[in-house]
Amino acid sequence: MDIAQRRVLGLVAVASWILIDAIRAAGPLLSSLADSGAAFAVGAALLTFASGGVLAWIAALAGRHFGHGVVVLFLLGVVALARLGLPLLGGAWLVSAALYLTALSLAVVVLAARVAMGNGGSPTLLAGTALGAAAAVAEQTVLRTWDAVWRGDLLGWVAIAGVALLALASGWRTMRLEPSASSRGWWAYGLLWSLMVLAFANVSWLNAQTGLRMSATALLAIASLSTAALLAGQATVTSRVTVTVLGAVGLGALSVLMLRPGLAAAIALPVAVSVLSLAAASVMRSTPSAPGRRLGAATVLGLAVVVPMLLVQLDAQVTLPGTAAVVMVVAGAAVIVGAVWRAWTAAPRPEASSAGADVGDGATRATPDRARAPWIAPGVLLRATLGFVVAGALAAWTFTTYETPRALSENFLPAPTAMTWSVNHGVQPEVTGGPDVRLDEVAATIRGSAADVVMLQEVSRGWLAGGGADVLEYLAGELQLPYAYAGADGPQFGNAILTSREHANPRSITLPAGDGPHARSAVAVDFMGATFASTRLDPRQIGGGEAQAEALIDWLDVPQPLVIGGDLGDVPSSAVLAVLSDAGFASAQDVAGTSGVTYLGTDPAGGEALTLDYLMGRGVEFRDIETLGVPWSDHLPLLARVATGATAPTEAGEDLNEIQPEAGTSPSPSTSATASPSTDSE
């Protein structure tokens, strides 16, 4: 029996790993469907995940005729082949294949869970799920959160093929094991899955939520998930009092994790993920049920996985009660409450009773089930220990390779090159040949531009709509540049600035929301005697754009030269641009005598193309303005040299390697002889 449980542990872990990867790959593709309407994308998501439950029910029926293990192995083979073929597809074929793959991956998880329930029970199931999530985080760390399906390089193919081989090997090793005939508690398992994909097993989300670099976050996440496996593996022998106490602590930790970004969230993570895994293990149990009920349970599982994720994504677009963080807290609270309720209302299982059996003479004797029950599910301790070792090794490698501070030039720049670019979550849109995620090309564009100040907007840090990538962490690591970041209505989506040399005084502001659902933000740094700010405004909200521009101007009321780079959300003749103009700002496009297109829209014919992105300056002189015609976002990057009028802080012949020069006096932007026309893409 121990051998069977160890093998099942591996099956569940690999199936969980595959499902996490599949959902992350489906995110940008579902987002692309939203171009045809949000309702269409939501319907596609609901249908995909509900279909996964239905496919699992059909496969279970087929297993009665062909053998459950044979059916599981067959589906694992189909999923492995689909994963290998996905990077070769594009357009509508890619969208369809990825959604089918997600449904199949969910079905495989359900079938693997049934095998686990029949060979070790819920402790083995939830421990395997946590270990699979830890493996997925390790993969995300190695791939720098830019997932294998999008890469097309050797590392990506090795990752895809390696997981496929593990899946087939696990299916073969468990082919003769019988599943549990029926079980309940799938709703709790589904809600836990939603939290796993959104947060617990999403290293990008954790980077933003904790404010840590990925070396520390990967260590924390993998160690937390390994601890969760250890705790879930003891669910059978955990008393009802322990479940209740841990449930209360876990709910508090989950609330802190979701609602208090920063160090507090980092401290709360191990407690939250461990208690939620134990709670789900306490709710899941084998019990008789009719075929129709089993179909309903599998469908509810799929919907429980996707509905919280949809609410989190929709919260960024429409006004919903509460916030995305509240959705996640409510989902976790439901699992914990269910576990506590079951602990106090269900008949005690013999193997969980510490009193043993009453033999009638005042003494107690351990029941046979209790005597056989191990303190932890077989195989969990070894694999969790391996998880801790892998976490430490990955943390050391990530820090050494991508986060060790490099020697930056400290030479004074009288006219640094500035870039502004709204990167669309890191997703290449359909209008330019997507959907795709080409973070390597985004990095190459920035590197090739030789920009000294890179002001980015729509920076995704763990959004599933962006494939779960951490755009900021990826770029900062690949380019090895210092950065400043400010989330907009949450840490996972916002504005960033990267600089070629050290900057000073990073700060941020939350801008007013107008009548819309969400606030905007701005981040600013001091660099080479000027202040550079990155922002994204939303004039679609009544009073929003102008109020945001006014708040930004008041915040940036400093004597030194100013440059604002961003997606201002409106055309040059708009009220938003008028507010900035009245405050003494001029745009680089005006200096060049052109207002070329910077936003491409969704119409391939260019019917929605507009000028929405600007470099706005006060007390500076713009030179060499150009728009880069690259297809990696629905916005084009705008580039210009910025003469700040600043002077080096030391005398000639002395040490010139001071990073922050003194602010100087320079002319306001004007159509001077040094201005050059922009080069707009077709």
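Since the structure is predicted, the reported quantities are computational estimates derived from the model, not experimental observations. (Residues numbered from 1 in each chain as written. Predicted model: local features only at pLDDT ≥ 70, side-chain atom pairs only at ≥ 80, totals over all residues. Heavy atoms only, no water.)

Colleague: Outline the packing of aromatic side chains, supporting the account with residue identities and numerical values.
Modeller: Summed over the entire model, instances satisfying the criterion amount to five aromatic pairs. Aromatic side chains W146 and Y474 sit 5.9 Å apart centroid to centroid with 75° between the ring planes, which places their arrangement in the edge-to-face category. Here W146, found in the loop between α5 (122–142) and α6 (148–151), pairs with Y474, found in helix α18 (residues 471–479); they are 328 residues apart in sequence, far enough to count as distant. Considered together, W146 and Y474 belong to a single accessibility category, that of buried residues. (Phe/Tyr/Trp six-rings, centres within 6.5 Å; stacked < 30°, edge-to-face > 60°. Helix = DSSP H or I, 4+ residues; strand = E, 2+ residues; numbered from the N terminus. Buried < 20%, exposed > 50% of the residue type's maximum accessible area, 1.4 Å probe, protein only.)

Colleague: How would you sum up the sheet that holds strand β13 (residues 530–536)? Please name residues and give values.
Modeller: Reading across from one edge, β11-β12-β13-β14-β16-β15 is the order of the six strands in this open sheet, with mixed pairing throughout. Bordering the open sheet on either side are β11 (504–511) and β15 (586–587), each of which pairs with just one other strand. Examined bridge by bridge, β13 and strand β14 (residues 562–567) share six bridges and lie parallel to one another. Within β14, the residue paired with T531 across the bridge is L562. With respect to the sheet, helix α19 (residues 544–555) is in contact with β11, β12 (520–527), β13 and β14, its orientation differing from that of β11 by roughly 150°. (Pairing = 2+ DSSP bridges. Contact = heavy atoms within 4.5 Å. Axes fitted to C-alpha atoms, helices over the stretch in contact; angles between N-to-C directions.)

Colleague: A description of the confidence of the model for the protein should follow, citing residues and the corresponding values.
Modeller: Summing up the model confidence of the protein, the mean pLDDT is 87 and the portion of residues at 70 or higher is 89%. Taken together, the stretch residues 350–371 has pLDDT below 50 and engages in 23 contacts with residues farther than four places along the chain or on a different chain. Confidence drops under a pLDDT of 50 for residues 651–659, and excluding neighbours within four residues, the segment shows 14 contacts in the predicted structure. (pLDDT = per-residue confidence, 0-100.)

Colleague: Residue-level account of a negative patch on the surface, with values.
Modeller: Taken together, the side chains of E546, E550, D554 and D557 define an acidic patch exposed on the protein surface. Positionally, D554 belongs in helix α19. (Patch = residues over 30% accessible without salt bridge, like charges linked within 9 Å, V, L, I, M, F, W, Y side chains within 5 Å. Areas by Shrake-Rupley, 256 points an atom, 1.4 Å probe, with all protein chains shown as cover. Salt bridge = Lys/Arg side-chain N within 4 Å of Asp/Glu carboxyl O. Lys, Arg positive; Asp, Glu negative; His and termini not counted. Charge placed at Lys NZ, Arg CZ, Asp CG, Glu CD.)

Colleague: Account for the pattern of salt bridges, naming residues and giving values.
Modeller: Applying the stated criterion across every chain yields a total of 14 salt bridges. Note that D538 is salt-bridged to R520, the shortest N-O span being 3.0 Å. Within this pair, whereas D538 is found in the loop between β13 and α19, its partner R520 is found in strand β12, the two being separated by 18 residues in sequence. With relative accessibility at 11%, the residue R520 sits in the buried group. Between D567 and R536 there is a salt bridge; the shortest N-O distance is 3.5 Å. With D567 in strand β14 and R536 in strand β13, this pair connects stretches of sequence that are 31 residues apart. A relative accessible area of 5% means that D567 is categorised as buried. Salt bridges here are not isolated pairs; linked through shared partners, they connect R144, R213 and E473.

Colleague: Which residues make up empty space enclosed by the protein, and what values go with them?
Modeller: Under the definition given, this model contains three cavities of 30 Å³ or more. Its volume calculated, the largest cavity comes out at about 130 Å³. If you go around the largest cavity, the residues you meet are D21, A22, A25, R83, L86, L101, E139, L143, D147, A148, V149 and I160. Those elements that place two or more of their residues in the lining of the largest cavity are α1 (2–33) and α6. (1 Å grid on protein atoms, 1.4 Å probe; cavity = no way out; pocket = protein on both sides within 12 Å on 5 of 7 lines; lining within 4 Å. Points joined across faces, edges and corners; volume = space filled by probe spheres on them.)

Colleague: Go over the sheet that holds strand β8 (residues 453–460), please, and point to the residues and values.
Modeller: If you walk across this open sheet you meet the six strands as β9-β10-β8-β5-β18-β17, and the pairing is mixed. The outermost strands of the open sheet, each flanked by one partner alone, are β9 (483–487) and β17 (621–627). Strand-to-strand, the axes of this sheet are offset by a mean angle of 20°, without reference to chain direction. Helix α17 (residues 439–449) rests against β5 (417–422), β8 and β18 (638–643) of the sheet, and its axis sits at about 160° to β5. On the sheet, α18 packs against β8, β9 and β10 (493–499) and is oriented at approximately 145° with respect to β8.

Colleague: Would you mind going over unusual backbone geometry in detail, with residue names and values included?
Modeller: Put simply, G434 and P435 share a cis peptide bond, and its omega is 5°. A positive phi angle is found at H425, which is not glycine, with a value near 65°. Even without a glycine there, the phi angle at E458 is positive, about 55°. Examined against the element boundaries, E458 turns out to sit in strand β8. Since its relative accessible area comes to 6%, E458 is described here as buried.

Colleague: Summarise the nonpolar core; cite the residues concerned and give the values.
Modeller: The biggest cluster of nonpolar side chains holds 163 residues, and the ones touching the most others in it are Y189, F200 and M258. Among the elements that make up this core, the one with the highest residue count is α1 (19 residues). I497, V523, F527 and M528 belong to the second largest nonpolar core, which has 24 residues in total. (Core = buried A, V, L, I, M, F, W, Y, C linked by side-chain atoms within 4.5 Å.)

Colleague: I'd like a rundown of a nonpolar patch on the surface, residues and numbers included.
Modeller: On the surface, a cluster of nonpolar side chains totalling about 430 Å² of accessible area is made up of V241, V245, V249, V271 and W344. Top element by residues in the nonpolar patch is helix α11 (residues 240–259). It accounts for three residues. Considering the arrangement of structural elements, one finds V241 in helix α11. Since its relative accessible area comes to 48%, V241 is described here as partly exposed.

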